[in-house]
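# Structure at a glance
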Amino acid sequence: DGMRVAASVSSTRIPSTLVAARSQRIIMSTSASPPSSSSSSSSTSTSAASTTSPVVGTKDLLVYGAGVLGGKVAELWTHQPGFEGSKVFTLTKSDQRHDALRTKGFYPMTTEQIFSNAANMGKFPFVIFCAPPSGSVDYVQEVRNALKLWKNSDAKASAFVFTSSTGSFKPSEDGDREVRSINETSPIRNEDDPRGGKFIQAENIVRNA
């Protein structure tokens, strides 16, 4: 499947190696400068194997939907310059894969767990939404819910990335199903389109966050 990426960014830039998957579209609003590598990533020393919810640090990442793509981003995050020592929280629908995620050093949580502990943990400066629409009753609302976990601050570095789909682009007018070139000027579907409309709605929500 193809992919587009819509991002709302404040005071930083997304590491380029984290947005180089398949066919993507990146939409960003940026200001100021990226965080320095000397910043503290957390005020807690809780281990990833713990069942308690650690406090979110200034360079920590929430992977909302830790599947194939989300898992890859999670693995790359702490290896980015300036983000060493940061924590990665991986959100999943169930706890079936949590033991495996903990062995990789992540902090796995279910959707229910993260929202019930949000007040104590604090909001996330960096969020990437990778959850597929197939696992959601209301995909657009789930993107809105994810944005509630994001700390959008002009004073500190923050970024929210939504992984969309090239299915949001309109098909060729002649109905040709062969592979074709798509770029930023390619026409996109309307918000009420039954196929890709939900992606356009979600992208617009993220852009305006």
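A quick note: this is a predicted structure, and the numbers were derived from the prediction, not measured.

A few words now on the packing of aromatic side chains. Across all of its chains, the model carries 11 aromatic pairs by this definition. Measuring from centroid to centroid gives 5.5 Å for Phe83 and Phe126, while their planes differ by 75°, and the two rings are edge-to-face. Separated by 43 residues along the polypeptide, Phe83 in the loop between helix H1 (68–77) and strand S4 (88–92) and Phe126 in strand S6 (residues 126–129) bring together distant segments of the chain. Across this residue pair, the class does not change: Phe83 and Phe126 are buried. Through successive ring pairs, a cluster of aromatic residues spans Tyr64, Phe129, Tyr139, Phe162 and Phe199.

Right, let's talk about the nonpolar core for a bit. For soluble globular proteins, the rule of thumb is that nonpolar side chains tend to be buried together. Core analysis: the biggest nonpolar cluster contains 26 residues, and Leu62, Tyr64, Phe89, Phe124, Phe129, Phe160 and Phe162 have the highest contact counts within it. At the level of elements, strand S3 (61–64), S4, strand S5 (107–110), S6, helix H5 (139–148), strand S7 (158–163) and helix H6 (197–207) are the ones that each hand at least two residues to this core. In terms of residues, this core owes the most to one element, H5, which gives 5 residues. Counting 17 residues, the second-largest nonpolar core is a separate cluster that includes Ala74, Val88, Phe126 and Ile128.

Overall, the prediction assigns the protein chain a mean pLDDT of 77, with 69% of residues at 70 or greater. Note that pLDDT drops below 50 for residues 10–47; the model gives that stretch 98 contacts with residues more than four away or on any other chain.

Look at H5 against H6: their axes get within 9 Å of each other, and the N-to-C directions meet at 20°. Considering the angle they form, H5 stands roughly parallel to H6. By crossing handedness, the relation of H5 to H6 is classed as right-handed. For the pair H5 and H6, the contacting residues are Tyr139, Val140, Val143, Arg144 and Leu147 in the first and Lys198, Phe199, Gln201, Ala202, Ile205 and Val206 in the second. The residue inventory of the contact of H5 with H6, partitioned by class, reads 8 nonpolar, 1 polar and 2 charged.

Moving on, we come to the environment of Ala157. By the element assignment, Ala157 lies in the loop between H5 and S7. Under the relative-accessibility criterion, Ala157 is labelled buried at 13%. Between the C-alpha atoms of Ala157 and Lys59, which are 98 residues apart in sequence, the distance is 8.1 Å.

Before going further, it helps to examine the pairing of S5. The alternating pattern of S5 places Tyr107 and Met109 on one face and Pro108 and Thr110 on the opposite face, and all of these are buried. Where S4 meets S5, 4 bridges bridge the pair, whose relative direction is parallel. Along S5, the bridge assignment pairs Thr92 with Thr110. In the classification by handedness, the crossover that spans S4, the intervening helix H2 (residues 98–103) and the parallel S5 is right-handed.

The next thing to look at is H5. Among the residues making up H5, those that are buried are Tyr139, Val140, Glu142, Val143, Ala146 and Leu147. The arc that holds every buried residue of H5, seen down its axis, measures 160°, which confines them to one face. Looking at the buried residues of H5, the elements they touch are S3, S6, S7 and H6.

Quick look at the side chain of Thr90 now. Among the structural elements, Thr90 can be located in strand S4. Given the relative accessible area of 1%, Thr90 is considered buried. Beyond its immediate sequence surroundings of up to four residues, Thr90 is in contact with Val63, Ala66, Ala74, Leu101, Phe106, Tyr107, Pro108 and Met109.

Criteria and thresholds
Residues numbered from 1 in each chain as written. Predicted model: local features only at pLDDT ≥ 70, side-chain atom pairs only at ≥ 80, totals over all residues. Heavy atoms only, no water. Phe/Tyr/Trp six-rings, centres within 6.5 Å; stacked < 30°, edge-to-face > 60°. Helix = DSSP H or I, 4+ residues; strand = E, 2+ residues; numbered from the N terminus. Buried < 20%, exposed > 50% of the residue type's maximum accessible area, 1.4 Å probe, protein only. Core = buried A, V, L, I, M, F, W, Y, C linked by side-chain atoms within 4.5 Å. pLDDT = per-residue confidence, 0-100. Contact = heavy atoms within 4.5 Å. Axes fitted to C-alpha atoms, helices over the stretch in contact; angles between N-to-C directions. Parallel < 35°, antiparallel > 145°, perpendicular 65-115°, else oblique. Left-handed = near helix turned anticlockwise from the far one by under 90°. Nonpolar A, V, L, I, M, F, W, Y, C, P; charged D, E, K, R; others polar. Pairing = 2+ DSSP bridges. Right-handed = clockwise from strand over helix to strand, strands pointing away. Arc of directions from axis to C-beta.

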